[in-house]
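A closer look at the structure
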Amino acid sequence: MDFSSNYDITQTANFIHNGNFTRVALQFPDDLLKDSIKVVSELRKELNLLATRQESSSSDDKKEIGLYVLADTTYGSCCVDEVGASHVDADSVVHYGHTCLSPTTTLPAFCVFGKAAIDVSDCAKCLSDCLLSSDKPILVLYGLEYAHALESLRTESSLLCGTKGSSRLRFADVTSSVISPLESKETPSVKLESPNGCTANGSHDDCKETDSTVDGFKHSIGGLTWNLPQGHKMEEYMLFWIGLENPAFSNLVLTYNSSDIVRYDPVENCTMEDISQTKKILQRRYYIVEKAKDANIIGILVGTLGVAGYLNMINQMKALIARAGKKAYTLLMGKPNPAKLANFPECDVFIYVSCAQTALLDSKDFLSPVITPYEAVLAFNRGSQWTGEYVIGFQDLLTSAQYNVDGGPEEARFSFMKGCYVEDFNQQESMNGDEDKERATTDLAEATHKALQLHDKYPKSIIKGAANSGAEFFSSRSYQGLEMQTDDSVPLAVVTGRTGRAAGYTGEPSKDQNS
């Protein structure tokens, strides 16, 4: 593949030139950073060529365009790094490599997916074989790096399958390579697609009115969009995925777990139908949800500062946790890892607010489970039942009718982890008006009082009792850090330390003297 074509040099230059951008951040993932210098050079040549072609511009009116390479993104490399771009006061971002196409908050972005190699003839043959062996129509989905071969694949498939077979094939389209920021800071009005053709904003009947198009129901995932005919559901289709087994594919398997899925590997040139290992993730996530129900202290991990609507989602999570009678702490730490989260042992579970393709973290390596906002709704919303449907991306989960945060009845809940009925912490009669404000002002005092009681009752244990706040947990620990001696009767010996470098401190014998 030609270098300029692979990195869409011409299209990128047109995006910068037509948008009149003067400070452009070029965001590269680690594996593509080696090509950044050449990309900047080729892009600079194309921008200069466009400037000279503009007849109305004079030498005095020409604006110098600054190109700044971003590396080591603040969060996931699939999202537009608006934080890094703000450090150079950029007015737009060009994102290279794998992307989730999540909407941005303030900056417009142009995404260069790249053009991965694929044998179109072999892929079309495998697609034709699946069509002959299945009585279901096939929906073709793919990684964005293979979008360049879509038209060729359509043509090859039509020749192999014929007119009758082609009528049973549907191809998803790329939403857009340009991401426009939302003018409002409100939560984006993007509906969550569910496997049965509904959205998370209401029942199936509501979807018929709000999410129908001329061709049927509109679906989207991972930057792809497609329509289904009226009356058709996703489980009626076989999904044919073209690409590697990456987070985008995992999202597809979890979201449409009731559909038959076949993956075509462009590297090995073969199809893989056994995805049982991937579907076992659902069983693991269900276990984590049940474990999270018994949590008293929840940490909300901020996994993005650029995806539109993340602040609204955090606030909704706080409201959900407060209604459940639990304590919540918001943590901002960049890319989370087991060592970072181990610094907060008081948190029984963490909620990770991030884009869809970085939301799933393997909790086996962490001290406490890490769940998604959707799993938090199932865990902390009274009366919620998991029907097998799974939503990864955070959208209007808590404001929808289907995921009402008011919950169900307040009777005791059966805990599968403890094997008995339990009542959630602070599960008391509801209070209104001034009583709510008065209770909120005394929460910290009550937590401190309980912490002191625990400290006196269990003086030798490491963690004493079930703490219900961070302050209570810290106060009940036997080790709280180094303490200086306060007894004046004990003399303190003051010794002057060494000076210089570790290779040879001042006053230390040299190697020549020792020899």
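The structure we're discussing is the one just above.
Cut-offs used in this document
- Counting of residues starts from 1 at the beginning of each chain's written sequence and follows it residue by residue.
- Since the coordinates come from a predicted model, pLDDT governs what is reported: local features require at least 70, and pairs of side-chain atoms require 80 or more to be given and counted, while whole-chain, interface and lining totals use all residues.
- To obtain the side-chain values, all non-hydrogen atoms of the structure were included, while hydrogens and water were left out.
- A helix here means a DSSP run of H or I that spans at least four residues, while a strand means a run of E at least two residues long, and both kinds are numbered starting from the N terminus.
- Between two residues, a contact is recorded if the distance between any of their heavy atoms is within 4.5 Å.
- Only the protein chains shown count as covering a residue, and every accessible area follows the Shrake-Rupley method with a 1.4 Å probe.
- A simple rule labels every residue: compare its accessible area, found with a 1.4 Å probe on the protein chains alone, to the largest value its type can have, and call it buried under 20%, exposed over 50%, or partly exposed in between.
- What qualifies as a polar contact is a pair of N or O atoms within 3.5 Å, subject to a donor-acceptor requirement within protein and to the restriction that residues adjacent in sequence count only when both atoms come from side chains.
- Here an axis means a line fitted to C-alpha atoms, over the contact stretch when the element is a helix, while the angle between two N-to-C directions is reported on a 0 to 180 degree scale.
- Small angles under 35 degrees read as roughly parallel and large ones over 145 as roughly antiparallel, with 65 to 115 read as roughly perpendicular and the rest as oblique.
- In this scheme the crossing of two helices becomes right-handed for a clockwise turn of the near helix relative to the far one and left-handed for an anticlockwise turn of less than a right angle.
- Residue polarity follows a fixed list, in which Ala, Val, Leu, Ile, Met, Phe, Trp, Tyr, Cys and Pro are nonpolar, Asp, Glu, Lys and Arg are charged, and the others, Gly among them, are polar.
- By definition here, a helix of n residues has an expected span of 1.5 Å times n minus one.
- Regarding the arc, it is the one traced by the directions from the helix axis to the C-beta atoms.
- For two strands to count as paired, DSSP must find a minimum of two bridges between them.
- With the strands pointing away from the viewer, any crossover whose connection runs clockwise from the first strand over the helix to the second is right-handed.
- Sulfur atoms of two cysteines make up a disulfide when they are within 2.5 Å.

Focus on the overall build of the protein
The helix and strand inventory of the protein stands at 15 helices and 21 strands. Within the protein, contacts between residues at least 6 apart in sequence are counted, and of these 66% link residues at least 24 apart. Accessible surface computed for the protein: about 27200 Å², of which carbon and sulfur atoms make up 50%.

Some words on the side chain of Thr225
Inspection of the secondary structure puts Thr225 in strand β10 (residues 224–228). What makes Thr225 buried here is its relative accessible area of 16%. Separated by 3.2 Å, the side chain of Thr225 and the backbone oxygen of His219 make a polar contact. Each residue touching Thr225, except ones within four places of it in the same chain, is listed here: Ala172, Asp173, Thr175, Lys218, His219 and Ser220.

A word on the packing of helix α5 (residues 120–133) against helix α6 (residues 150–166)
Contact geometry for α5 and α6: axes closest at 8 Å, N-to-C directions at 30°. Between α5 and α6, the interaxial angle falls into the category roughly parallel. Handedness of the crossing formed by α5 with α6: right-handed. Contact residues: α5 offers Val120, Ser121, Cys123, Ala124, Lys125, Leu127, Ser128 and Leu131, while α6 offers Ser152, Leu153, Glu156, Ser157, Leu160, Cys161 and Gly165. Considering only residue class, the contact of α5 with α6 consists of 8 nonpolar, 5 polar and 2 charged.

Section: helix α10 (residues 310–323)
For α10, with 14 residues, the first-to-last C-alpha span of 20 Å sits near the 20 Å given by 1.5 Å per residue. Within α10, the full set of buried residues consists of Tyr310, Met313, Ile314, Gln316, Met317, Leu320 and Ile321. One side of α10 carries all its buried residues, which in axial view fall inside an arc of 160°. Of the residues in α10, the exposed ones pointing more than 90 degrees away from the buried face are Leu311 and Ala322. Those residues of α10 that are buried lie in contact with β14 (297–302), β15 (327–331), β16 (349–353) and α12 (373–380). Once α10 ends, the next one or two residues include Gly325, with phi positive near 75°.

Focus: the environment of Asp91
Residue placement: Asp91 occurs in the loop between α4 (82–86) and β3 (92–96). Classification of Asp91 as partly exposed rests on a relative accessible area of 24%. Residues Asp91 and Val24, spaced 67 residues apart in sequence, show a C-alpha to C-alpha distance of 6.2 Å. Not counting the four nearest positions on each side in its chain, Asp91 is found in contact with Phe21, Thr22, Arg23, Val24, Leu107 and Pro108.

Some details on α12
With 8 of its 8 residues buried, α12 lies for the most part within the structure. Inspection of α12 places Pro373, Tyr374, Glu375, Ala376, Val377, Leu378, Ala379 and Phe380 among the buried residues, and these make up the whole buried set.

Details of the sheet that holds strand β11 (residues 238–242)
Spatially, the 5 strands line up as an open sheet ordered β6-β5-β11-β12-β13, and their pairing is mixed. Of all the strands in the sheet, the pair left with one neighbour each is β6 (169–171) and β13 (270–272). Taken pair by pair, the neighbouring strands of this sheet meet at an average axis angle of 25°, ignoring direction. Across the sheet, α5 lies against β5 (138–142), β6, β11, β12 (260–265) and β13, angled at about 165° from β11, the strand it touches most.

Description of the sheet that holds strand β2 (residues 66–70)
Read from one edge of the open sheet, 5 strands run β2-β1-β3-β4-β8, paired in mixed fashion. This sheet does not close on itself; its edge strands, each paired only once, are β2 and β8 (178–179).

A short note on the pairing of β14
Within β14, 6 of the 6 residues are buried, which leaves the element mostly enclosed by the surrounding structure. Alternating residues of β14 divide into Ile297, Gly299 and Leu301 and Ile298, Ile300 and Val302, and every residue in both groups is buried. Two elements, β14 and β15, share 5 bridges in a ladder whose sense is parallel. The partner of Ile297 across the bridge, within β15, is Lys327. Considered for its hand, the β-α-β crossover made up of β14, α10 and β15 is right-handed. Across 5 bridges, the pairing between β14 and β16 is parallel.

Description of the state of the cysteines
Under the definition given, this model contains 0 disulfides. Cys355 takes part in no disulfide bond, and the closest cysteine sulfur, belonging to Cys79, lies 3.2 Å away.

Here we look at the environment of Lys115
Along the chain, Lys115 falls in the loop between β4 (109–112) and α5. The sequence separation of Lys115 and Phe3 amounts to 112 residues, and the corresponding C-alpha distance is 10.0 Å. Polar side-chain contacts of Lys115 include one of 2.8 Å to the backbone oxygen of Ser5.

Geometry only, nothing functional implied.
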